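If you want the building blocks of each chain, they are given just below.
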Amino acid sequence: MAKLGFYFDGTSCVGCKACQIACKDKNRIMVPGNRYRAVESYETGAYPLAFVYHFSGTCNHCEAPACMAACPTGALFVAPDTTVQLDAKSCTGCKQCLAACPYGHPQFFEEAGTAGKCDACIALRNAGRNPVCVDACPMRAIDFGDLDKLEARYAGQGASGATASAKAVTPQGVTTYAALPCWPDGGTAPKLVIKAKDCMGEEGFRHVIL
Amino acid sequence: MTGKKEGQGLSDSVRDRGPQNDARSNSAQGGVCGSDARSNGAQGGVCGSDARSNGARGSSAQGDARGIGVRSNSARGIGAQGIDRRSFIKATSATALALAGLSAPGCSPQEKASEVGQDVALPDPDEQGEWVPVACWHNCGGRCLNKALVKDGLVIRQKTDDTCSDEGGAYFQNRACPRGRSQQQQCYGTDRLKYPMKRKGWKPGGGANSNGHLRGTDEWERISWDEALDYIASEMRCIYEGYGPRAVFHNGGPGYGIGNVLNSLGGAVSSSSTESYGAWRLYNVEMGQNFVNSNPDMESANDRFDLVNADTIVLYGCNPAWASAGSPSWFYKQAADAGVRFVYVGPSRNVSASMLDARWIPVRPGTDTAFLLAVAFVMIEQGYIDQEFLDKYTVGFDAAHMPEDAVLEENFKDYVLGSYDGIQKDPAWASGICGTTIEDIEWFAQAMAKENNVMLLHSYAAARCNGAENLPQLFMTIGAMGGHMGRSGNATGCTYYYESANSGPRLVRMSYPVDGYVPGKVDDVLCGPVQWKSIVEGSYDYAGGMYSVGASFPPMERRSIDIKMIYSVLNNFTQSRMDINNAIKAHQKMEFVVAQDYKLSLSCQLADIVLPITTEWEGWIADTWHLVTWMNRETQYFYTPVLEEGLFEAKPDRFVAQELAKRLDIDPAPLFPATHKQMYFDQIAGTKVFVGGTLRNTPYGETAVPIELLAKPDPDAPDPEVWEPLAAITQQDIDDFGVVGTPQEGKVPFKELMSKGVYQVGRQEGDGKGWIAYEDFIKDPLKYPRPSKSGKFEIYCQAKADGLNGIGFNPEPIKPYPHYLVPVEGYEASFIDWEAKIPGEYTFQMYTPHYIRRSHTTLDNLPWLQEAFENPVFMNATDAAERGIENGDTVLVSSKWGKILRHASLLQSVMPGCLGVPHGKRTDIDPATGIDRGGSENSLLGPVQSNYYPQLSGYNTCLVKVEKYLGEEIPPDHKVSFVADAQ
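Rules of the game
- The written sequence of each chain sets the order in which its residues are numbered from 1.
- Each chain is given a letter, starting from A, and each ligand a number, starting from 1, according to the order in which they appear as written.
- Selection of residues for local features in this predicted model requires a pLDDT of at least 70, selection of side-chain atom pairs for listing and counting requires 80 or more, and totals for whole chains, interfaces and linings are taken over all residues.
- Strands are runs of DSSP state E lasting at least 2 residues, helices are runs of H or I lasting at least 4, and numbering of each runs from the N terminus.
- Neighbour counting defines burial: a residue surrounded by 20 or more other C-beta atoms within 10 Å of its own C-beta is buried, one with 12 or fewer is exposed, and intermediate counts give partly exposed, using backbone-placed C-beta atoms.
- By the criterion used throughout, residues are in contact when their C-beta atoms, derived from the backbone, lie within 7 Å.
- Strands qualify as paired when DSSP identifies two bridges or more between them.
- Note: domain ranges come from an automatic or database domain assignment.
- Values of pLDDT, ranging from 0 to 100, describe the predictor's confidence in every residue of the model.
- To obtain each axis, a line is fitted to C-alpha atoms, and for helices this fit is confined to the stretch in contact; angles are then taken between N-to-C directions over 0 to 180 degrees.
- Between 65 and 115 degrees an angle is taken as roughly perpendicular, under 35 as roughly parallel, over 145 as roughly antiparallel, and anywhere else as oblique.
- Working rule for handedness: look at the near helix, and if it is turned counterclockwise from the far one by less than a right angle, call the crossing left-handed; if clockwise, right-handed.
- Each residue gets one of three labels, nonpolar for Ala, Val, Leu, Ile, Met, Phe, Trp, Tyr, Cys and Pro, charged for Asp, Glu, Lys and Arg, and polar for the others, Gly among them.

**Structural notes on the overall build of chain B**
Okay, step 1: Assigned secondary structure in chain B consists of 35 helices and 39 strands.
Okay, step 2: The buried share of chain B, reckoned over its 983 residues, is 62%.
Okay, step 3: Residue pairs at least 24 apart in sequence account for 76% of intrachain contacts in chain B once pairs closer than 6 positions are excluded.

**A closer look at the interface of chain A and chain B**
Okay, step 1: In this assembly, 55 residues from chain A lie in contact with 65 residues from chain B.
Okay, step 2: The dominant element in the side of chain A that touches chain B, judged by the number of residues it contributes, is helix α1 (residues 18–26) of chain A, at seven residues.

**Quick word on the sheet that holds strand β25 (residues 688–692) of chain B**
All names here are of chain B.
Okay, step 1: Strand order in the open sheet formed by three strands is β17-β25-β26, and the pairing between neighbours is antiparallel. With partners counted over all chains shown, the strands left at the sheet margins are β17 (508–509) and β26 (722–725), one partner each.
Okay, step 2: Here β17 pairs with β25 via two bridges, running antiparallel. Note that in β25 the partner of valine 508 across the bridge is valine 689.

**Describing the domain arrangement of chain B**
Okay, step 1: Along its sequence, chain B is organised into domain 1 (12–23 + 33–63 + 193–267 + 516–547 + 554–615 + 650–669), domain 2 (287–504 + 773–807), domain 3 (509–514 + 674–760) and domain 4 (828–977).
Okay, step 2: Once you take the C-alpha centre of each, domain 1 of chain B and domain 2 of chain B turn out to be 44 Å apart.

**Side note on the environment of arginine 487 of chain B**
All names here are of chain B.
Okay, step 1: Looking at the secondary structure, you find arginine 487 in the loop between α20 (471–481) and β16 (491–494).
Okay, step 2: Here the alpha-carbon distance between arginine 487 and aspartate 776, two residues 289 residues apart in the chain, equals 9.9 Å.
Okay, step 3: With sequence-adjacent residues up to four places away left out, arginine 487 is seen in contact with Ile772 and Ile778.

**Some details on the confidence of the model for chain A**
Fine structural detail should not be taken from predicted coordinates in areas where pLDDT scores are low.
Okay, step 1: Per-residue confidence for chain A averages 89 on the pLDDT scale, and 90% of its residues sit at or above 70.
Okay, step 2: Note on residues 158–174 of chain A: pLDDT is under 50 here. Beyond four places in sequence and across chains, it has 45 contacts.

**Regarding the packing of helix α10 (residues 225–243) of chain B against helix α26 (residues 653–663) of chain B**
All names here are of chain B.
Okay, step 1: Axis separation between α10 and α26 bottoms out at 9 Å; the angle between their running directions is 55°. Of the possible angle classes, the one that applies to α10 and α26 is oblique. In this structure, α10 crosses over α26, and the sense of that crossing is right-handed. The segment α10 lies against α26, with Leu229, Asp230, Ile232 and Ala233 engaging Glu659, Leu660 and Arg663.
Okay, step 2: In terms of residue class, the contact of α10 with α26 is built from four nonpolar, no polar and three charged.

**What about the sheet that holds strand β3 (residues 146–151) of chain B?**
Residues and elements named next belong to chain B.
Okay, step 1: With antiparallel pairing, three strands are arranged side by side in an open sheet as β2-β3-β4. This sheet does not close on itself; its edge strands, each paired only once, are β2 (130–134) and β4 (154–160). Strand-to-strand twist of the sheet, defined as the mean angle between neighbouring strand axes without regard to direction, takes the value 35°.
Okay, step 2: As defined by bridge partners, β2 adjoins β3 across five bridges and the pair is classed as antiparallel. Directly across from valine 132, in β3, lies its bridge partner alanine 148.

**Structural notes on the packing of helix α15 (residues 368–382) of chain B against α20 of chain B**
Residues and elements named next belong to chain B.
Okay, step 1: At their nearest, the axes of α15 and α20 sit 10 Å apart, and the two run at 25° to each other. Regarding the angle of α15 to α20, the classification is roughly parallel. Here α15 and α20 pass one another in a crossing that is left-handed. Residues Asp368, Thr369, Leu372, Leu373, Val375, Ala376 and Met379 of α15 form the contact with α20, whose participating residues are Leu471, Leu474, Phe475, Thr477, Ile478 and Met481.

**A few points about the pairing of strand β21 (residues 565–569) of chain B**
Residue and element names in this part refer to chain B.
Okay, step 1: For β21, the tally of buried residues reaches five of five residues, placing the bulk of the element in the interior.
Okay, step 2: On β21, burial covers both faces: Met565, Tyr567 and Val569 on one face and Ile566 and Ser568 on the other are all buried.
Okay, step 3: The sheet contact formed by strand β7 (residues 248–252) and β21 spans five bridges and is parallel. Each bridged residue has a counterpart across the sheet, and for glycine 252 the counterpart in β21 is valine 569.
Okay, step 4: Relative to strand β22 (residues 592–597), β21 runs parallel, the two being bridged by four bridges. Looking at the pairing, isoleucine 566 lines up with valine 593 of β22.

Next comes the structure, spelled out in structure tokens:
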């Protein structure tokens with residue numbers, strides 16, 4: 001069956017964080033601090049040949065989710081659509097998933113005392129719509145769906161041959177990635193397709209505040 | 001806009017009235033108004049109003065009023081922004097339900113996730129409510145489609161444009177930026193002003209009763225609307241009668257009727273600044289450019305379909321990803337993907353330039369004229385210029401092509417070559433000023449060569465500098481030298497705001513609202529950059545109102561001015577204009593200050609009475625620019641309010657104006673001829689769509705005029721424009737909407753427009769709706785002359801020189817052609833000795849980028865945006881290392897005029913010696929040190945005027961120093977809220 005995951009186009013992203021905010025809106029996370037989708041900005045190079053890029057990251061809905069393996073209560077599980085879901089009723093707030101996820105994805109909500117995570121807008125998708133981050137992006141830099149189809153659709157569209165630390169080999173050649181230096185492969189078989197530009201493949205990146 | 005000249009004839013006898021303070025405090029002598037009432041501070045001044053009926057809610061009833069809460073430094077901060085949530089809901093029982101669902105993490109992610117279980121079949125969450133197209137009205141540069149999911153009167157989610165498909169390119173989803181997506185936190189924010197309040201230390205009657213020194217730090221007490229309006233009316237009456245209209249400063253826009261009330265009383269002093277447009281506001285029409293919808297040099301670039309026809313697109317100081325967020329960056333990306341090379345010019349390689357992989361040409365702030373003169377030099381020397389174009393379409397480039405009215409026997413080319421001053425404006429000369437390498441200057445000049453298809457596009461940022469008076473003319477000159485005008489793939493003009501990446505006359509036009517208008521009788525216009533200093537010092541140089549097409553400036557004239565009252569409305573100029581330190585002093589000097597807003601803006605913080613105003617999600621509002629004109633040329637939006645009434649006790653601006661008019665014996669009928677809902681309906685009924693003919697420039701000039709004039713076909717045009725009504729309206733529609741009107745034929749049913757919220761003109765290549773700026777002039781310069789005196793682009797413009805020199809601000813005359821001016825507080829001024837290059841104390845040049853977190857000063861207070869964008873200052877990482885500053889450190893930035901604290905963001909994408917301080921941040925003065933912990937750029941900008949135009953605001957020319965701050969670290973902005981509660 002189709003493996004579902006997110007696509008991110010690092011050549012288009014301007015770091016506006018509309019996706020991050022649309023996600024918080026949909027999930028009613030009104031407070032600063034907890035984010036299911038987080039955009040961070042990075043820079044490589046030195047003046048005047050310096051390059052800023054952004055990465056919008058969320059749950060990779062991994063095939064071997066470390067969060068699920070760490071969860072003592074079975075609150076985390078892989079849904080039939082291959083996305084990783086959390087049953088908060090079973091969550092005891094032990095934070096094991098937070099410690100286990102190599103991407104720092106699960107969020108802990110102090111007030112509720114439980115964890116939360118991206119559900120890839122499963123209810124919206126069941127109603128025939130996209131995750132909100134996909135429809136929010138003014139640059140059309142985010143997509144969601146069958147990984148094979150995403151790779152087929154976006155590979156060969158001018159993505160550069162960056163020297164990313166972990167490349168996804170696509171049928172069309174090495175044009176998309178499942179990881180970047182700023183988003184290294186956690187060994188959990190992440191379901192993620194990234195279109196990158198040269199600077200995103202450089203190891204000497206710096207996190208910047210915009 | 002402010003600064004419109006509104007008649008003459010202020011009586012000097014009023015201005016020179018005797019000892020005002022004594023008169024005002026002595027009711028028997030003052031005789032200016034209801035003196036008994038005024039002498040009774042507890043009752044407030046009422047001037048014959050009947051509204052004292054609820055005087056029982058006087059100050060003592062609110063004796064437990066908490067502090068001003070100007071700065072609530074709360075670690076709590078969760079959603080409730082530093083307010084105790086229970087007391088908040090208690091205080092606003094009418095809307096408690098709304099807030100429970102909105103501003104708190106009520107509908108928690110946990111609850112949502114818990115529904116998942118093993119069975120992922122969930123109901124459609126959208127079925128819980130109704131999607132309403134809502135207003136997104138900010139002065140942001142975007143104007144996108146914004147919809148709110150409304151359930152039981154609450155907004156439970158937002159979304160953006162999904163009304164069409166992007167496929168095929170005929171239509172595009174105009175997707176909203178993070179600011180629009182966060183708007184629910186503005187409208188339902190817990191920091192809304194909830195009820196009218198009065199400053200505790202203030203008492204009516206003027207003089208010492210004002211306790212003006214407490215403004216900004218005083219406590220608040222809640223008062224009723226009637227009390228507030230009575231106080232204001234009484235104080236206004238006394239001040240107008242006692243001192244005359246020259247004692248009243250109107251701090252902001254017309255305010256949906258407040259301007260008319262002030263004008264009915266005789267008018268008020270206003271101020272004028274070039275603001276957004278910088279030097280492009282000056283004589284650009286006289287030089288042959290456009291002036292459209294109150295914006296200079298608009299409709300001067302080509303539409304989005306033509307972007308791909310350029311070889312090179314230069315974004316000169318532009319950052320659409322932050323300053324025109326939404327679709328423009330996406331349009332540019334499509335051009336980049338199609339192979340167009342982008343070039344970015346400015347002091348930092350911003351996020352737009354980064355996304356577009358643009359070649360960065362670093363140029364120091366305020367030195368663009370030097371840079372472009374050297375570009376011109378190389379173009380001349382290397383033969384890159386299109387001489388035929390210059391000869392045919394311009395005047396003043398060389399001695400053989402001077403305009404008839406030229407009085408100076410000098411021309412641009414000979415100036416560049418050094419014939420007059422012995423200085424060749426070559427790359428070596430410029431590089432020492434602008435910091436650009438000689439190689440980059442030569443490369444840029446070659447890119448501008450006539451062989452290339454070039455779009456030379458600017459924002460106004462580079463012209464928001466002291467000494468930028470000649471930049472717009474020079475920019476136009478460079479474009480003309482390459483012949484980059486009037487042809488596909490070529491343009492020289494503005495890409496800005498709603499026209500960013502898609503220039504040209506609008507294809508669907510809503511009519512303007514028709515409202516009452518009363519002209520004022522005060523001609524005093526303070527010069528924006530020094531307005532607060534003028535008020536503090538009691539005198540100013542009158543230099544006429546804002547430049548408008550065809551206007552000439554009078555010679556500057558010293559006048560005394562004795563302002564007693566400030567009315568702040570609509571704009572938050574106290575925050576958004578230069579020199580906040582004098583602004584505070586000016587406010588504290590007043591007898592009375594009133595401000596109205598929906599949050600505790602700096603203008604409100606410094607007021608005596610604050611009035612809570614509705615947002616555009618509460619009730620109907622008919623607007624001119626923000627909801628009508630300033631949007632993508634292919635779209636028109638139709639909003640519906642979420643709520644019919646204001647939250648808490650908030651009321652519309654118009655309510656305030658109407659109520660004050662009544663209390664001041666002004667007949668409100670002619671001022672407010674119709675309800676806003678009726679006016680908005682009339683605008684919708686008057687909306688027209690371009691359906692054929694040859695599209696022409698929107699007529700010149702300020703266009704707050706009925707659409708009939710805007711869309712008036714040129715009678716001489718061989719192929720006149722054809723416009724058709726958009727909305728098909730039935731009597732049933734009119735009745736259901738609750739207005740009066742006449743049924744009409746149209747393209748789209750009224751109810752469909754209102755439910756969809758948008759009409760978009762379908763586009764395709766070659767559909768006759770595209771736009772090549774200046775195409776008519778280039779094809780037939782005699783039939784379609786430019787609006788300059790010569791009918792051509794004036795590289796030598798006598799009108800510019802005569803106009804500016806006529807003001808007499810600078811004894812050294814400005815030349816009619818674009819020459820270099822050493823900017824006041826520019827790079828050169830950072831040296832004690834320029835020739836020997838001995839640096840002074842302030843070695844950094846500040847620039848003030850528009851910031852994606854907010855629109856000017858609006859939306860800055862929303863938790864989602866504050867989390868997303870931390871508002872640091874941007875500095876070169878090497879500069880920082882030399883000063884021991886690490887990423888995220890708190891730094892102290894100081895200028896001659898003030899100090900701010902911010903976190904430092906270290907970037908290699910910032911030119912050394914430059915410091916980016918994002919525009920619009922809320923000021924937060926530490927009373928102990930006077931340092932602005934909020935980090936407003938206007939706390940660093942002082943009362944400084946440019947070289948030639950006294951109203952030119954040089955926001956990007958200010959010298960500062962930066963150092964690691966050894967005092968207490970500043971907290972993240974989301975932990976600092978500005979709340980005025982009197983509970």
